[in-house]
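Report on the structure
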Amino acid sequence: MNELPPPVVGVPDLVELRPSPVLVDVRWYLDGRSGQAAHAQAHLPGAVFLDLERWLTGPGGPDEGRHPLPSPARFTDGLARAGLADDDLVVAYDDVGGRVAARLVWRLRATGRPAALLDGGTAAWPGPWEQIEVHRPRTSPEVRPWPEDLLTDLATATGADRVLLDAREAGRYRGEHEPVDPRPGHVPGAVNLPASAALDDDGRLLPPEQLRLAFDALGAGADADVVASCGSGVTACFTLLVREHAGLPAGRLWPGSYSGWTADPARPVDVVP
């Protein structure tokens, strides 16, 4: 396994990283807009695109939610087609402060591959951008299984003595609106730390000490057994990387998250009056 870099790097750090990083564009939009089209219009110089729906998600049953884990083989095929080798240092970005790109970064790091988020994403890039499509030679990455100790399923995610962190925006957590899942609200017992709350006004991560205070306030400090969730297990990966960035044990991912929970209409949900 490779030595892992810090989970988050800034634009100024890119010139110092060794080996030279490969930039990967992981833009994706909940409202159905095309990340691929955004990439084609303009992207960071040298960046390749990796499609979340095709390579970072797989088919699954109802309890597995809208964006279940892809099979290790499917994920590895996506890496190969993008020209990403096992020893490439990947720095992934998006245009929402890393909340989508974290899906790729967490999966790479979970399987021992060097990867980091670009702090601030597209908003932090000073320019120029480019439109030239980048083609890297196909690689042959090793198919590596998902580490079971970093994951949890519906039954264990909602068990006692765990802190279930919901990374969705506060309005969705409270049940004020729900754009994609069957019912508004949250899993009973879950606490809310919106992913956006980890970012400053420029879309960069807050200082580690400030992040630790936010986790501590929810009972999700260093000694807590933390399970990260969101709507479908995408932004939950961001929570795990933020915790690592803050110097805390990352915790485990619940891939099915709220969309998996609400697939069964018999399961209760809570709303905030």
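Residues numbered from 1 in each chain as written. Predicted model: local features only at pLDDT ≥ 70, side-chain atom pairs only at ≥ 80, totals over all residues. Heavy atoms only, no water.

1. Thoughts on unusual backbone geometry
- Omega for the bond connecting Arg18 with Pro19 falls within 30 degrees of zero, at 0°, which places this linkage in the cis form.
- Looking at where Pro19 falls in the secondary structure, it is placed in the loop between strand S1 (8-9) and strand S2 (22-25).
- Residue Pro128 is bonded to the preceding Gly127 through a cis peptide linkage, with omega at 0°.
- On the secondary structure map, Pro128 appears in the loop between strand S5 (115-118) and helix H5 (154-157).
- Of note, Asp161 is a non-glycine position whose phi angle comes to about 65°, a positive value.
- For Asp161, a relative accessible area of 74% puts it in the exposed group.
- The residue Ser257 is not glycine, and still its phi comes out positive at about 50°. (Helix = DSSP H or I, 4+ residues; strand = E, 2+ residues; numbered from the N terminus. Buried < 20%, exposed > 50% of the residue type's maximum accessible area, 1.4 Å probe, protein only.)

2. Points about the nonpolar core
- One finds Val24, Val26, Leu50, Leu104, Trp106, Leu117 and Phe238 to be the most contacted residues of the largest nonpolar core, which totals 54 residues.
- Beyond its immediate sequence surroundings of up to four residues, Phe238 is in contact with Gly97, Gly98, Arg99, Ala102, Leu117, Ala195, Ala198, Leu199 and Leu205.
- Among the nonpolar cores identified, the runner-up in size contains 14 residues, and Val11, Leu14, Leu23 and Leu89 belong to it. (Core = buried A, V, L, I, M, F, W, Y, C linked by side-chain atoms within 4.5 Å. Contact = heavy atoms within 4.5 Å.)

3. Here we look at the pairing of S2
- Here S2 shows a buried face lined by Val22 and Val24 and a second buried face lined by Leu23 and Asp25.
- Relative to strand S4 (residues 90-93), S2 is paired through four bridges, and the arrangement is parallel. Of the residues in S4, the one forming a bridge with Val22 is Val90.
- As for the winding sense of the linkage, the β-α-β connection from S2 through helix H1 (residues 35-41) to strand S3 (residues 48-49) is right-handed. (Pairing = 2+ DSSP bridges. Right-handed = clockwise from strand over helix to strand, strands pointing away.)

Interpretation note: all reported values are geometric properties and have no functional meaning in isolation.
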